[in-house]
Amino acid sequence: MPSIPLTVGFDLDMTLIDSRPGIRSVYLALARETGVPIDADLAVTRLGPPLEVELANWFPAERIAEAADRYRGMYRDYAIAETPAMPGAREAIAAVRERGGRVIVVTAKYGPNAERHVNHLGLAPDVVIGSLWAEGKAAALRDHAAGVYVGDHVGDVRGAVTAGALSVAVATGPCSADELRREGAHVVLPDLTGFPAWLDEHLATVV
């Protein structure tokens, strides 16, 4: 084991959970309620940035805050039950725990809804920190001494690098493996199923 405590951070959407079906349902419900057309199928292809960034494609600026509040209020009823864990997510978290480590989730998602997802799926991280995006994730990663941050978006790579953490990227979201590498990811995996083996290799080099 490493000489310092092992703490691994994970992004949530498209890293630990496949949030596309649930988020699609919320967007469709929001469109019905507000009368504003939203291409939900398109929206779920670009998950990662804060909700307001996506809503700006559909709502005028003066309505974005109101739409975001309504979206977050509807989220529990439409998204939680429809959202599965990503392949390898439970095993990745278990791998950290089995090696004496802590698991934190740092996500752009609204914190209470992020908590609902991990509780519903029984993922049980030690800490969930929401409403942080890209470089903004760095402060939370530093506060919790995360030496590794795992995410699917180039914004996650920037957050890890800014924090001085090892960026482990999984090509399961909107960004390709090549995009993640170009952004500066130290490691790129096809998905989380390979994370436990990678973690063992990583720990062997830092003893």
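Note that this is a predicted model, so its numbers are computed, not measured.

1. A short note on the overall build of the protein
The helix and strand inventory of the protein stands at ten helices and six strands. Reported as C-alpha extents along the three principal axes, the dimensions of the protein are approximately 60 × 35 × 30 Å. Buried residues in the protein amount to 52% of all 207 residues. Residue pairs at least 24 apart in sequence account for 62% of intrachain contacts in the protein once pairs closer than 6 positions are excluded. Of the roughly 9,000 Å² of accessible surface on the protein, a fraction of 52% belongs to carbon and sulfur atoms.

2. A closer look at the packing of helix α5 (residues 89–98) against helix α10 (residues 195–205)
One can describe the packing of α5 onto α10 by two numbers: an axis separation of 8 Å at closest approach and a directional angle of 25°. Between α5 and α10, the crossing angle belongs to the class labelled roughly parallel. Along its contact with α5, which presents Glu91, Ala92, Ala95 and Val96, the element α10 presents Phe195, Pro196 and Leu199. Residues that form the contact of α5 with α10 fall into these classes: six nonpolar, no polar and one charged.

3. Some points on the sheet that holds strand β2 (residues 102–106)
Taking strand neighbours across the sheet as the criterion, the six strands line up as β3-β2-β1-β4-β5-β6 in an open arrangement whose pairing is parallel. Two strands lie at the open edges of the sheet, namely β3 (127–129) and β6 (187–189), each paired on one side alone. Going from strand to strand, the sheet's axes swing by 20° on average, the running direction of each strand aside. Pairing analysis gives three bridges linking strand β1 (residues 7–10) to strand β4 (residues 148–151), with the strands arranged parallel. Within β4, the residue paired with Phe10 across the bridge is Val150.

4. Thoughts on the environment of Gly194
Looking at the element boundaries, Gly194 is found in the loop between β6 and α10. When its relative accessible area of 29% is taken as the criterion, Gly194 is described as partly exposed. Through-space distance from the C-alpha of Gly194 to that of Ala31 is 38 Å; in sequence the pair is 163 residues apart.

Cut-offs applied
Residues numbered from 1 in each chain as written. Predicted model: local features only at pLDDT ≥ 70, side-chain atom pairs only at ≥ 80, totals over all residues. Heavy atoms only, no water. Helix = DSSP H or I, 4+ residues; strand = E, 2+ residues; numbered from the N terminus. Buried < 20%, exposed > 50% of the residue type's maximum accessible area, 1.4 Å probe, protein only. Contact = heavy atoms within 4.5 Å. Areas by Shrake-Rupley, 256 points an atom, 1.4 Å probe, with all protein chains shown as cover. Axes fitted to C-alpha atoms, helices over the stretch in contact; angles between N-to-C directions. Parallel < 35°, antiparallel > 145°, perpendicular 65-115°, else oblique. Nonpolar A, V, L, I, M, F, W, Y, C, P; charged D, E, K, R; others polar. Pairing = 2+ DSSP bridges.

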